[in-house]
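Analysis of the macromolecular model
Single-letter residue listing:
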Amino acid sequence: MRMSVAAAVACLLTTGLSIADQANAAIRKSTNIEAQGLGPALRQFAKQRDIQIIYRSDVVGDRQTSGAVGDLTVEEALHQLLNGTGLTYLHLDDHGITIVPSAEASVPTSRRASWSPFRLAQVESSSTLPAQAPSPSQQKADPAVSELEELVVTGTLIRGAEAPIGTNVVGLTQEDIVATGAMSANDALTRIPQVTSAFLSTPNLSSNDQGVQSIRPNLRDLGRASGTTTLVIVDGHRVAGGGGLDPDVIPPGVLERVEVVPDGGSSIYGSDAIGGTINFITRKSVDGVEAIVRHGFGEEGYSATDVSLTAGNIWDTGSGYVSYAYATNDAIRGRDREFITGLPVYCAPGTILANGTTYAVSSRAPGTSTVCDQSDDISMWPEQERHNVFAAFTQELGESLSFDLRSFYMRRETTSFFSQRGDTLELNVTNQNPYFQSMAGETSHTVRTTFAGVIDNEAHMLREEFSVTPSLNWRLPADWELRLLGGYQTSNFTSRVPTVDQAALVAGLAGTTTATALNPYNLGASSPAVLGSLLRESFTGGGEERLYNGRAIAEGPVFSLPAGDVRFALGLEYVREEATSGSLGTALPGEGENLPKVMPDYSRDINSVFGEVNAPIVAPESATSWVYSLSVAVSARYDDYSDVGGTFNPKIGVTYEPVDWVKLRGNWGTSFNAPTPGQRSALQAAGALPAPLMIPQNAVWSVVLAGMAPDVQPQTADIWSIGVDILPPAVPGLTLSATYYNIYLKDMIGLLPFPVAYQPALAPYLQDNQTCATVLPRFGSLPGNPALLTVADVCALDPNATLAVLDLRQQNLGELKQDGIDFNLSYQRPVSFGAITASLAGTYTLHRENAIAAGAEFVSTLDEPGESRFFLSATLGAQVGALTGAVSLSQRQGYDLGPPVTNAPSVLDPVVRTQTSVDSFRTVDLFFNYDLPSSVAEQLSLTLNVSNVLDEEPPFFNGCQSVSLCGYTNGSTLGRVVTLGVRSKW
């Protein structure tokens, strides 16, 4: 018989900070809770400590507590509050505690609750309904476990699982996020070594030269090899289409934690989860008002500010909150950091080239020129302004039904600065120009200059994201549950760059009066009418992406084994992805909407069926010699795409504990990454030129195919890992973990490098000695490049022409084999003055070998050209009364270069150097938090973050990591940044 709503509804008291992290639980804080009813006392304690406490109203009832007084840890306070009540507590996960009768805690759980210092959170829903009365099979097992089965964790569909069976989990608690000083969700990832795209890095030129459109986290650096290989979700929901999610949509203040499963996840989530899954888990509820204000400053006048305000309420049958965040930061340009250098280029006010002699415009002296560092004006970190709104609402709709709604909105305006110095103009000036000045009697000469200082060198990008994800949880008889989830997401982005109309430029040079002519020696001194005729805006893309999603999951026990229930989950999902292209080309300011689209509109439908079985083979209650517990999980998913067909991905995981302090785990599965709508657009072009582009090449003409191949298929991967977790009984508070992983990525979407040398494996893409009769039928109808001849043009000129076809389209090409070791060591210990904590985490790549195409030889990219294989993060912290502090070290290992890199001498750098290796890059960060006594606010604290305390520069590199940014590699940094903050709650 079901309990009444008042008795059945769980009282969920939550604000943000994790308490199951052993360090946080060990912190002593002043506690003064008077004798009163136990329910109100627990609510008061949860609000004071920013923790989750879950209990059933019928369990707590009218019990009274004698209170809790003193400088107490969380556990000490709970012991005092529950003393004499006949109740005790159990850790649900790293972020929640449940109150149960003492008789239900007969199985020791303290050691088992500490297995996962970064355990995953409930994500399929935020339901807080209590478990039903246990079935007869459940009554044979630990009754306390029935309380845990309400939780659903990332990487599994089964309620009650501590973590995905056989899988390693890493991540950050909210306390960790605060300690990083993160001003965005992307910043929070910089402490996770497996997120190699973010670790000790900032966005570089390749991602923001024309405005940051989106930042995609990249696990294990697989995305650098081939597209979106990391799945990013929010509260377990996919909230973006094939392009992936930019974590900046989630303000850091609403994050409860970040969970990372660095294993394949397509058997549960579908596309993209090759390198793994990153789950941004938001706070379940907020009670009261919270405010955060922070301001950071660095060298050369850099500053950054973020402000957030969150307000919420908890009532008997639900909760709701709204959070607003604002963040802004200055740009950092190449000239602001000494480690950034660039290529020498001609720049304003210009250089005159007359009869083979150069003259700097500023001096007119023979043999002089005006040369600048191209990187000076380029932003390695863009200027940004971001607004975020996040809202959550949870409501019990009856005895067995609950509703949850999550929604967010982000607006981010980004301004990147590019180098007009790199866009050197070659102006041919004659004596017909009224400004013409002869250097040595010539009647014409060339002026090399730029529009720097005349036309803005700013790339403007606007991105807006909106998402709403409702869900219903319906508790069914026999401990089954039906979860219904929906979602709608939209992303709009535009990018525009000021540019010059080439026809107007030619007309200005041909002008014969000062009213119509361009002044080549001082472009800014030209008439306003001439300058106005030049200005245009270049639109480099953009558009809108929409995602419609619906999912239904039924989960519950199917039969019982001696070790417990075998649980089964079955799900159905429908996804529709739509993409509307933005404009491409140049137009007068404000008239970009009249430009043609980059590509046609695109849509596709995805229908999926998936399931999972979790079976406990041996439970701790029936442990035998060297078999303390054994569990097996099998999951599988079939996805049917309307454009690329179907794909099936299974996974099996095993967790084995020979004793209660050693856990062995392993898993094997397949994953995939479907091509994005843009990659399926099949926009192609073919152009020909009379020059050899293949090595070797006999044909006179080269036909180059560019764009997207029309038959791009999903990338696929075989992934397996084995690992061990150890909790040494001799050293309480110490956790040791290590995992070996192995990834074989196939059918990688990419394009051949250029220039390219022929080898047999490239025969499908490089074909020499072709004729018009064989090439015209295949590629004659493709549009051409304005700068090149079409295939039809060449064959019309010479029907007997010999052609070499180079297929440089994006398509399924290469393969990648990578394996390595993840490790984690953490130690937490209460001491007389408070608590101390220490952690050491990292990832080491054993091998990373790439084949340019299927069947080609595998080549180690760790050695040629060279890249870091070791990423390390270490933290030491302490709590002394109201003061908490931590020092963190992050490191990217150096590496050898193969072959060595030798620079070309230049005007800016005449010294010739040969570099054979790149040094390691390491930084030290500091964090302090001081809790102030306050009669105004319930909680008031000051924070201090110092990033890169020693102001370390990235390692020197005798080359360029992009077209324009040179001089450094193996990471990047904003330099030393000091951030002061105030956090309050009332």
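Okay, so let's go over this structure. (Residues numbered from 1 in each chain as written. Predicted model: local features only at pLDDT ≥ 70, side-chain atom pairs only at ≥ 80, totals over all residues. Heavy atoms only, no water.)

What about the environment of Ser-527?
Just so we agree on the cut-off: Secondary structure follows DSSP: runs of H or I at least 4 residues long count as helices, runs of E at least 2 residues long count as strands, and numbering of each begins at the N terminus.
Note on placement: Ser-527 falls in the loop between helix H14 (502-510) and helix H15 (528-534). Considered as a pair, Ser-527 and Thr-514 are 13 residues apart in the sequence and their alpha carbons are 7.0 Å apart.

What to know about the sheet that holds strand E11 (residues 255-261)
What counts is decided by this rule: Two strands pair under a simple rule: DSSP has to find at least two bridges between them. All axes are obtained by fitting lines to C-alpha atoms, using only the stretch in contact for helices, and the reported angles, taken between N-to-C directions, cover 0 to 180 degrees.
One open sheet holds the 4 strands; their spatial order is E9-E11-E12-E10, and the pairing between them is mixed. The two strands at the open ends of the sheet, each matched to only one other strand, are strand E9 (170-173) and strand E10 (230-234). Strand-to-strand twist of the sheet, defined as the mean angle between neighbouring strand axes without regard to direction, takes the value 10°. In terms of strand pairing, E11 meets strand E12 (residues 276-282) through 6 bridges, oriented antiparallel. Residue pairing in the sheet places Arg-257 in a bridge with Ile-281 of E12.

Observations concerning the nonpolar core
Convention followed: Nonpolar cores are built from buried Ala, Val, Leu, Ile, Met, Phe, Trp, Tyr and Cys residues. Side-chain atoms within 4.5 Å join them into one set. Burial classification: accessible surface area is computed with a 1.4 Å probe over protein chains only, and a residue below 20% of its type maximum counts as buried, one above 50% as exposed, and the rest as partly exposed. When checking whether two residues touch, look at their non-hydrogen atoms; a contact exists if any pair is within 4.5 Å.
Of all hydrophobic cores here, the largest spans 30 residues; its most connected members are Leu-189, Ile-250, Val-258, Ile-278 and Phe-280. Of all the secondary structure elements, the ones that give two or more residues to this core are E9, helix H10 (185-188), E10, E11, E12, strand E22 (383-396) and strand E23 (401-417). Examining the composition of this core, we find that 3 residues originate from one element, E11, more than from any other. Not counting chain neighbours up to four residues away, the residues in contact with Phe-280 comprise Ala-185, Leu-189, Val-232, Ile-233, Val-234, Asp-235, Pro-247, Leu-255, Arg-257 and Val-258.

Some thoughts on the side chain of Thr-394
Stated formally: Nitrogen and oxygen atoms within 3.5 Å of one another constitute a polar contact, given that in protein one can donate a hydrogen and the other can accept it, and given that sequence-neighbouring residues count only through two side-chain atoms.
As for its placement among the helices and strands, Thr-394 is situated in strand E22. A relative accessible area of 8% places Thr-394 in the buried class. A polar contact of 2.8 Å, which involves the side chain of Thr-394, links it to the side chain of Asp-404.

Structural notes on helix H16 (residues 772-779)
Applied cut-off: Directions drawn from the helix axis to the C-beta atoms are what define this arc.
The set of residues buried in H16 consists of Cys-772, Val-775 and Phe-779. Down the axis, H16 shows its buried residues gathered within 80° of arc, on one side only. Exposed side of H16, more than 90 degrees from the buried face: Ala-773 and Pro-777 are the residues found there. Where H16 is buried, its residues meet strand E35 (684-689), strand E37 (701-707), strand E42 (766-770), helix H17 (791-797) and strand E43 (803-807).

Here's the deal with the pattern of salt bridges
Just so we agree on the cut-off: We define a salt bridge as a side-chain nitrogen of Lys or Arg found within 4 Å of a carboxyl oxygen belonging to Asp or Glu.
For the structure on display, the rule yields 39 salt bridges. In this structure, Arg-546 engages Glu-578 in a salt bridge whose closest nitrogen and oxygen atoms are separated by 2.8 Å. Remark: Glu-578 occurs in strand E29 (residues 564-581) and Arg-546 occurs in strand E28 (residues 535-561); sequence separation between them is 32 residues. Judged by relative accessible area, Arg-546 falls into the buried class, the value being 14%. In this structure, the salt-bridge partner of Asp-909 is Arg-913, at a minimum N-O distance of 2.7 Å. For Arg-913, a relative accessible area of 29% corresponds to the partly exposed category. Residues joined by salt bridges that share partners form a network here, namely Arg-159, Arg-475, Asp-479, Glu-481, Arg-483, Glu-555 and Arg-567.

None of the figures reported here should be taken as evidence of function without further support.
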